[in-house]
Amino acid sequence: MKSILIIGLGRFGTHLAEELSRSGHQVMGVDKKEERVNETMRYLTDAQIADSTNEEFLSALEVSDFDVCVVTIGKDFQSSLETTSMLKELGAPFVVSRAACDAQAKFLLRNGADEVLYPEKQLARWAAIKYGSKNLLDYVVIDDNTAIFEVSVPDSWIGHSISHIDVRRKHDISIVAIKQDGRLSGSVLPDTVLTSDMSLLVMGDYKSVRKCFHL
């Protein structure tokens, strides 16, 4: 369980608070609009109605005690930039800030953000890869070059064992799990025979996976 501070309770901040709360984390929310705080309260452990660019207020929060501070201010970039910078100056150990464009991302990283969230761009990339591919069911990015992909079993693989396909040697891709009937199994044995009702979770760089599965 982590202690997380979210500054900015618009749609994105509220969804983030909801998901973190469901995962059992302690979430404190801050927004200068009372109605936003009230609407998000059910997902929050604590909340404050305040302007996050007020250094005295931020200092009183003791931001160094939070595991992660997330700045999700959407429309007022100047406030987002000031808040990000002050959080770092006040000792916040890890600051994540939301950006709406590449220029904002660069400024945030230069002024204290440890990482930048770029929801529109990240979602667009995810959607383009997922819905632009025939065999791809889902994927999770690990880093700039590597991801875990859920793919349907190619027709030419059906009825063959993992060892016979030898995907690691041929394509530098690892099969890390198999999903069947909605259940995920991390036990991937060489003699496992692939069937049409399976999907595979494979890990590798996008170019290798795209080539292997004709995405």
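Notes on the structure follow. Please read all numbers here as calculations on a predicted model, not as lab measurements. (Residues numbered from 1 in each chain as written. Predicted model: local features only at pLDDT ≥ 70, side-chain atom pairs only at ≥ 80, totals over all residues. Heavy atoms only, no water.)

1. Here we look at unusual backbone geometry
Here comes step 1: Not every positive phi belongs to a glycine, and D166 is a case in point at roughly 55 degrees.
Here comes step 2: When you line up the elements, D166 lands in the loop between helix 7 (162-165) and helix 8 (167-171).
Here comes step 3: Residue D166 is classed as partly exposed on the basis of its relative accessible area, which comes to 25%. (Helix = DSSP H or I, 4+ residues; strand = E, 2+ residues; numbered from the N terminus. Buried < 20%, exposed > 50% of the residue type's maximum accessible area, 1.4 Å probe, protein only.)

2. Concerning the pattern of salt bridges
Any two side chains of opposite charge can pair, so long as their charged atoms come close to each other.
Here comes step 1: A complete count under the given rule lists eight salt bridges for this structure.
Here comes step 2: Salt-bridge contacts for R22 lead to E18; the nearest nitrogen and oxygen are separated by 2.6 Å. Note that R22 and E18 are positioned in helix 1 (residues 11-22) at a spacing of four residues, about one turn of the helix.
Here comes step 3: Judged by relative accessible area, R22 falls into the exposed class, the value being 62%.
Here comes step 4: A residue is classified by how much of its surface remains accessible, and E18, at 15% relative accessible area, is buried.
Here comes step 5: For D102, the salt bridge goes to K121, with nearest N and O atoms at 3.3 Å. Placement of the pair is D102 in helix 5 (residues 102-110) and K121 in helix 6 (residues 119-131), with a sequence separation of 19 residues. (Salt bridge = Lys/Arg side-chain N within 4 Å of Asp/Glu carboxyl O.)

3. A closer look at the sheet that holds strand 3 (residues 46-49)
Here comes step 1: Across the sheet, which stays open at both edges, the six strands sit in the order 3-2-1-4-5-6 with parallel pairing between neighbours. Bordering the open sheet on either side are strand 3 and strand 6 (115-117), each of which pairs with just one other strand. Pairs of neighbouring strands in the sheet enclose a mean axial angle of 20 degrees, with direction left out of account. (Pairing = 2+ DSSP bridges. Axes fitted to C-alpha atoms, helices over the stretch in contact; angles between N-to-C directions.)

4. Description of the side chain of T14
Here comes step 1: Inspection of the secondary structure assignment puts T14 in helix 1.
Here comes step 2: T14 gets classed as buried once you look at its relative accessible area, which sits at 18%.
Here comes step 3: At a separation of 2.8 Å, a polar atom in the side chain of T14 contacts the main-chain carbonyl oxygen of G10.
Here comes step 4: A polar atom in the side chain of T14 sits 3.2 Å from the side chain of T40.
Here comes step 5: Excluding residues that lie within four positions of it along the chain, T14 makes contacts with L9, T40 and Y43. (Polar contact = N/O pair within 3.5 Å; in protein donor to acceptor, adjacent residues only side chain to side chain. Contact = heavy atoms within 4.5 Å.)

5. With respect to the pairing of strand 2 (residues 26-31)
Here comes step 1: Of all six residues making up strand 2, five are buried, and the element is well covered by its neighbours.
Here comes step 2: With five bridges connecting them, strand 1 (residues 3-7) and strand 2 associate as parallel partners. The partner of I7 across the bridge, within strand 2, is V30.
Here comes step 3: Bridge analysis of strand 2 against strand 3 gives four bridges, and the strand direction is parallel. The partner of G29 across the bridge, within strand 3, is A47.
Here comes step 4: The handedness of the strand 2 to strand 3 crossover, carried by helix 2 (residues 34-40), is right-handed. (Right-handed = clockwise from strand over helix to strand, strands pointing away.)

6. A short note on the sheet that holds strand 11 (residues 198-205)
Here comes step 1: As summarised here, the arrangement of the five strands in space is 7-8-11-9-10, forming an open sheet in which the pairing is antiparallel. Lying at the two open borders of the sheet, with one neighbouring strand each, are strand 7 (136-141) and strand 10 (183-185). Shown here is a sheet whose adjacent strand axes are inclined to one another by a mean of 25 degrees, direction ignored.
Here comes step 2: As defined by bridge partners, strand 7 adjoins strand 8 (residues 146-152) across five bridges and the pair is classed as antiparallel. Bridge pairing in strand 8 links V140 to I148.

7. With respect to the nonpolar core
Here comes step 1: Of all hydrophobic cores here, the largest spans 21 residues; its most connected members are F149, W157, L194, L200, V202 and F213.
Here comes step 2: Mapped by element, the contributors of at least two residues to this core are strand 7, strand 8, helix 7, strand 9 (174-180), strand 11 and helix 9 (206-213).
Here comes step 3: Setting aside anything within four residues of it in sequence, one finds F213 in contact with N135, V151, S152, P154, W157, I173 and V202. (Core = buried A, V, L, I, M, F, W, Y, C linked by side-chain atoms within 4.5 Å.)

8. A few points about helix 1
Here comes step 1: Between its first and last C-alpha atoms helix 1 spans 17 Å; for 12 residues at 1.5 Å apiece the expected length is 16 Å, and the two agree.
Here comes step 2: Listed in full, the buried residues belonging to helix 1 are G13, T14, A17, E18 and L20.
Here comes step 3: Contact partners of the buried residues in helix 1: strand 1, strand 2 and helix 2.
Here comes step 4: Within two residues after helix 1, G24 carries a phi angle of roughly 90 degrees, on the positive side. (Expected span 1.5 Å × (residues − 1).)

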